[in-house]
Amino acid sequence: MNLKNVALLAGFFFATLAIFTQGVLPMLEPQSRQIKITKVVRTDLGELKWMEHEATDYSKSEQLGREVYIREGCWYCHSQYVRPVTGETRRWGPVTQAGEYAFDIPHLFSTRRIGPDLSRVGLKYSDEWHLAHFWDPRMLVPDSIMPRFAKLFKGPYEAKLVEDSDGNRTLDKDANTGNIFDFTSEEKILITPNEDGLVFVADQGKYPIIHTPNEEFTGDTVSVVSESEELKGLVDYLQKLGTNRGKWRDRFEPQLVEASMVSIPRSEEWIDYGKEVYARRCEGCHGVTGNGNGPAATFMYDSRPRNFNAGVFKFRLTPSGSLPQDGDLWRTVTRGIRGSAMPSWHMLPDKVRIAVIQYIKYELAVDRSDPEAPYRYFVEEPAEAPMYIGLAPPPSEEIVVHGKEVWQQAKCWECHGNTGKGDGEKAAGLEDDFGYPIRPADLTSGQFKSGPSVKDIFRTVTTGLSGTPMPSYGDAFSEEDRWALAYFVVSLSAFIDPLTGEPLSISLEDRTNLNDTSLKAHSSSLAYKRKSFLGLVGEYAGEAWAERKGIEILEPLNK
């Protein structure tokens, strides 16, 4: 056989193979139309487990946002696909599954990554972060090449500041402000312009009060912007991406780092480097001086950036009233703060995180009200030793029941509500140390700012959250009671969709099996397989996406 014949046969073979794999095989195995995925759920006992479930379609608002995403060409630069290689999964999260694209017509896989991959962006940032990012990406990422999408906002409308009959600074009523605010309403909305006088208004139809507790803005004219329907849809669409996989981020290793008694010696060289890092990564929200009023801060209506100048930090392992250890700051910077605009910075090198912590401690956490004698909190008030938190007791129905009793005794319901949705009788009047309204956490969402584990909740219950109405219960309740309360708190988000807050469709039988503590569905490849998929109860879905049917049947749990 000569070379010509070999080439002809090889060409025919590969052409036939291409037709089979791209034409015949998809008809035999229409994976693109399946809705099966694996997702992480929290059980009634507070455990996080993988299980097989179904992807859900887009809501009306999310579908509108997807259309805007396509129209504006976002998919030119952003891919939506996590490949099954180590670097991808460490950076973005779980490997992509076919069922995630069941409702995407056309699909938006894309191949270019001029911008970051967005397949796992849902709930990574708050809505506030996305709003600031669309207004001007360089407020958050100075070296970003993404264009502004200011045209998706309503406004800006110029408005003068005036004083009302009660002595409050408010906005002058005109045709534009009259459409955004109700100047006759008894309900007030506090708005804080950034240093450039930009004001974002999230909650329309209320009476506006200019709130500048730290003289964040001293001008007499502001520019007002608000959210359009298309912009809301676009943010909703982004928040949807990846959330079909449930609470996977609560099991994402880079965001579960622990640190306590970490000691980083003060270094002027590292402080100088930290200033560079801060200017690039943090200044947009926290401001040049660290006063919490950077250019993007006005968009953060629900969770204001931390004012470092006050020397008050929420998340720490040190006793109530103490400053945090370096390990506490390291944990917060690395993990981020779920549900807020503070993202996880786990992808940054260690030296970068060390440097920015040095800069925050020694240059920003300083009271400069007396220029002649600045008060450096971390110098004058060294952090106390961190508390030791041992291993959590094993989950059980009894500990959750006891936790509910502690919940009642501690009167957690007064703020968080009887069901934990943050709608308690005292919720409406709560404020932080700077007079901003602060809503109690909706514990049913599972978006725990201090961290997703029972140990994280135990830490918060024990230390409280400085600068907020959340007190410390370290002295009020025993360690046993606090562990029980922590288990009850995490159980409030059991079998609930983290995006919609709605209960997941799971049979009582499957729910019972998932609540079995002997079931260790700790990875996607060992996800619990529901009866509706196999006709059997309590089996695992083995290497689900490596084999043709995606199923490896192990011994039933209830044999």
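Relevant structure appears above.
K.L.:
Hey, could you run me through the sheet that holds strand S4 (residues 169–171) in this one?
P.N.:
Note: strands within a sheet are paired through backbone hydrogen bonds, in either parallel or antiparallel orientation. In space, the four strands of this open sheet follow the order S4-S3-S8-S6, with mixed pairing throughout. With partners counted over all chains shown, the strands left at the sheet margins are S4 and strand S6 (198–201), one partner each. Along the sheet, successive strands turn relative to each other by an average axial angle of 35°, direction set aside. With three bridges connecting them, strand S3 (residues 153–163) and S4 associate as antiparallel partners.

K.L.:
Sorry if this is basic, but what is going on with the packing of aromatic side chains here?
P.N.:
Given two aromatic rings, one states the distance between the centres and the angle between the planes to describe the pair. Evaluation of the coordinates by the stated rule reveals 25 aromatic pairs. Ring geometry for Tyr278 versus Tyr359: centroids 5.5 Å apart, planes at 55°, classification tilted. Separated by 81 residues along the polypeptide, Tyr278 in helix H7 (residues 268–281) and Tyr359 in helix H10 (residues 350–364) bring together distant segments of the chain. Each member of the pair, Tyr278 as well as Tyr359, is classed as buried. Both rings, one in Phe313 and one in Phe378, keep their centres 5.8 Å apart while their planes meet at 65°; by these two values the pair is edge-to-face. Of the two residues, Phe313 sits in the loop between helix H8 (283–286) and helix H9 (326–335) while Phe378 sits in helix H11 (residues 377–380), which places them 65 residues apart along the sequence. Here the two residues Phe313 and Phe378 agree in accessibility, since each one is buried. Taken together, Trp135, Phe153, Phe200, Phe299 and Tyr301 form an aromatic cluster joined through their ring pairs. Here the basic side chain of Arg148 rests over the ring of Trp135, its NZ or CZ set 4.8 Å away from the ring centre. Positioned above the aromatic ring of Tyr362, the side-chain terminus of Arg266 is 4.6 Å from the ring centre.

K.L.:
What exactly am I supposed to notice about the packing of helix H12 (residues 397–409) against helix H15 (residues 479–491) here?
P.N.:
When two helices pack together, their arrangement is given by the angle between the helix axes and the distance between those axes. One way to put it is that H12 packs onto H15 with a least axis distance of 7 Å and a crossing angle of 100°. As far as their axial angle goes, H15 and H12 are roughly perpendicular. Residues Ile399, Val400, His402, Gly403, Lys404, Val406 and Trp407 of H12 form the contact with H15, whose participating residues are Glu480, Asp481, Ala484, Leu485, Tyr487, Phe488, Val489 and Ser491. By residue class, the composition of the contact of H12 with H15 is nine nonpolar, three polar and three charged.

K.L.:
What is the right way to look at H7 in this model?
P.N.:
Because an α-helix packs 3.6 residues into every turn, residues spaced three or four apart end up facing the same way. Relative to the 20 Å expected for 14 residues at 1.5 Å per residue, H7 spans 20 Å between its end C-alpha atoms, a close match to the ideal helical length. All of the buried residues in H7 are Ile271, Gly274, Val277 and Tyr278. On an axial view of H7, the arc spanned by its buried residues comes to 115°, and they lie on one face. Within H7, the exposed residues directed more than 90 degrees away from the buried face are Glu269, Asp272 and Glu276. Contacts made by the buried residues of H7 are with H8 and H10.

K.L.:
I would appreciate a short explanation of the nonpolar core in the present structure.
P.N.:
In summary, soluble globular proteins display a tendency toward joint burial of nonpolar side chains. One finds Tyr69, Phe134, Phe153, Leu238 and Phe299 to be the most contacted residues of the largest nonpolar core, which totals 33 residues. Of all elements in the fold, only helix H2 (60–71), helix H4 (127–135), S6 and helix H6 (229–240) reach the threshold of two or more residues within this core. The contacts of Tyr69, once residues within four sequence positions are left out, are Cys74, Trp75, His78, Gln80, Leu108, Leu118, Leu234, Tyr237 and Leu238. Grouped together as the second largest cluster of nonpolar side chains are 26 residues, Val400, Trp407, Ile457 and Phe488 included.

K.L.:
Any chance you could explain the side chain of Ser491 here in plain terms?
P.N.:
For Ser491, the position within the fold is in helix H15. The residues touching Ser491, leaving out its near neighbours within four places in the chain, are Thr43, Asp44 and Val400.

K.L.:
Even after reading the chapter, I still don't get the pattern of salt bridges, so can you show me in this structure?
P.N.:
When the charged atoms of two side chains lie near each other, side chains of opposite charge can form a pair. In this structure the tally under the stated criterion is 30 salt bridges. Note that Arg245 is salt-bridged to Glu100, the shortest N-O span being 3.3 Å. Of this pair, Arg245 sits in the loop between H6 and H7 while Glu100 sits in the loop between helix H3 (86–91) and H4, and the two are 145 residues apart along the sequence. Arg113 serves as the salt-bridge partner of Asp117, at 3.2 Å between the closest nitrogen and oxygen. In this structure Asp117 comes out as buried when scored by relative accessible area, which is 4%. Residue Arg113 is classed as partly exposed on the basis of its relative accessible area, which comes to 26%.

K.L.:
I would appreciate a short explanation of the pairing of S3 in the present structure.
P.N.:
For a regular strand, side-chain orientation follows a simple rule: the groups alternate between the two sheet faces. Of the pairings in the sheet, the one linking S3 to strand S8 (residues 221–227) comprises six bridges and is antiparallel in character. Each bridged residue has a counterpart across the sheet, and for Ala159 the counterpart in S8 is Val222. Hairpin connection of S3 to S4: five residues between the antiparallel strands, including Gly167 at a positive phi of 85°.

K.L.:
I keep staring at the packing of helix H14 (residues 454–463) against H15 and nothing clicks. Help me out?
P.N.:
It is at 8 Å that the axes of H14 and H15 come closest, and there the two elements cross at 120°. By the criterion of interaxial angle, the relationship of H14 to H15 is oblique. Crossing angle aside, the handedness with which H14 passes H15 is right-handed. Within the contact between the two elements, H14 uses Val454, Lys455, Ile457, Phe458, Val461 and Thr462 and H15 uses Glu479, Arg482, Trp483, Leu485, Ala486, Tyr487, Val489 and Val490. Of the residues in the contact of H14 with H15, the class split is 10 nonpolar, one polar and three charged.

K.L.:
Got a minute to help me understand the pairing of strand S2 (residues 48–54) in this structure?
P.N.:
Within S2, six of the seven residues are buried, leaving the element largely enclosed by the surrounding structure. Pairing geometry for strand S1 (residues 36–42) and S2, over seven bridges, is antiparallel. Following the sheet pairing, Ile37 is matched in S2 by His53.

Here is what the cut-offs are and how they apply
Every chain begins its residue count from 1, and numbering advances along the sequence as written. Restriction of local features to residues with pLDDT of at least 70 applies here, the model being predicted, together with a cutoff of 80 or more for giving and counting side-chain atom pairs; totals for whole chains, interfaces and linings are based on all residues. Excluding hydrogens and water, the side-chain figures rest on all heavy atoms present in the structure. Strands qualify as paired when DSSP identifies two bridges or more between them. Secondary structure is summarised from DSSP: a helix means a run of H or I of at least four residues, a strand means a run of E of at least two, and numbering begins at the N terminus for each. Inter-axis angles, ranging from 0 to 180 degrees, are taken between N-to-C directions of lines fitted to C-alpha atoms, where helices are fitted over the stretch in contact. Two aromatic rings, drawn from Phe, Tyr or Trp (for Trp, its six-membered ring), form a pair once their centres lie within 6.5 Å of each other, and the interplanar angle then sorts them: stacked below 30 degrees, edge-to-face above 60, tilted otherwise. Exposed residues in this analysis have more than 50% of their type's maximum accessible area, buried residues have under 20%, and partly exposed residues fall in between, with area computed by a 1.4 Å probe over protein chains only. Charge-over-ring contacts are defined here by two conditions on Lys NZ or Arg CZ: a distance within 6 Å of the ring centre and an angle within 35 degrees of the ring normal. For classification, angles of less than 35 degrees are called roughly parallel, those exceeding 145 degrees roughly antiparallel, those between 65 and 115 degrees roughly perpendicular, and all remaining angles oblique. Any two residues whose heavy atoms approach within 4.5 Å are treated as being in contact. Gly falls in the polar group here, along with every residue not listed as nonpolar (Ala, Val, Leu, Ile, Met, Phe, Trp, Tyr, Cys, Pro) or charged (Asp, Glu, Lys, Arg). Helices are assigned an expected span. That span is 1.5 Å times one less than the residue count. It is the directions from the helix axis to the C-beta atoms that the arc portrays. Only buried Ala, Val, Leu, Ile, Met, Phe, Trp, Tyr and Cys residues count toward a nonpolar core, and they belong to the same one when joined by side-chain atoms within 4.5 Å. Definition used for salt bridges: Asp or Glu carboxyl oxygen within 4 Å of a side-chain nitrogen of Lys or Arg. Put simply, a crossing is left-handed when the front helix is turned counterclockwise from the back one by less than a right angle, and right-handed when it is turned clockwise.

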